[in-house]
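Chains, contacts and geometry: an overview
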Amino acid sequence: MEDKNKQSKSASPNGWHANTDLGCDLKTMLRGDVRMKVGKDYPGVLKLDSDAIVDDFLYRDPHYTFVETVPLTASKRNPHVFDGEYLTVTRRDDSSLRLNFKELKMSAGFSVERFALGVCNEICLALGGLIGE
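So, on to the overall build of the chain. When helices and strands are counted, the chain shows 2 helices and 6 strands. Walking the chain from its N terminus toward its C terminus, one meets helices and strands in the order α-β-β-β-β-β-β-α. In the chain, which comprises 133 residues, the share counted as buried stands at 15%. When the accessible area of the chain is evaluated, it comes to approximately 11,100 Å², of which 55% is carbon and sulfur surface.

Below, the structure written as structure tokens:
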């Protein structure tokens, strides 16, 4: 009896697993694609809408809905709008810009004047493309 229960939990006599629906209706709600592409993975939520059992033939007639979710990378907080040698510029949720200095690397031949001039030039380059003159 115990072996029979193990078999029914893992696979049915015809070889299908217990969590496999062979005939079902699936409605997809995708963000970018009109139809699902072969081999492409879609992050999302699958919901069982209805699970009718047709009495005449004693089979399940499940209806599912798949809703594609926003990938985590797409909703990145404070995305970089400029990435330079000395600093990065990020845009906040309120559309303001923030200058972020990168780690200061003081190696042999480091010059404060050259560093300051490089930072100044990079700020002009970064903000020149982001802010209309």
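Now for the pattern of salt bridges. Per the stated rule, a full pass over the model turns up 3 salt bridges. Between Asp33 and Lys40 there is a salt bridge, with its nearest N and O atoms 3.0 Å apart. Look at Asp33 and you get buried, because its relative accessible area is 14%. A single network of salt bridges, built from pairs that share partners, joins Asp33, Lys37 and Lys40.

Glancing now at a nonpolar patch on the surface. Together, Leu104, Met106, Phe110 and Val112 give the surface a local cluster of nonpolar side chains, amounting to about 390 Å² of exposed area. Under the relative-accessibility criterion, Val112 is labelled exposed at 55%.

Conventions and cut-offs
- Residues numbered from 1 in each chain as written.
- Predicted model: local features only at pLDDT ≥ 70, side-chain atom pairs only at ≥ 80, totals over all residues.
- Heavy atoms only, no water.
- Helix = DSSP H or I, 4+ residues; strand = E, 2+ residues; numbered from the N terminus.
- Buried < 20%, exposed > 50% of the residue type's maximum accessible area, 1.4 Å probe, protein only.
- Areas by Shrake-Rupley, 256 points an atom, 1.4 Å probe, with all protein chains shown as cover.
- Salt bridge = Lys/Arg side-chain N within 4 Å of Asp/Glu carboxyl O.
- Patch = residues over 30% accessible without salt bridge, like charges linked within 9 Å, V, L, I, M, F, W, Y side chains within 5 Å.

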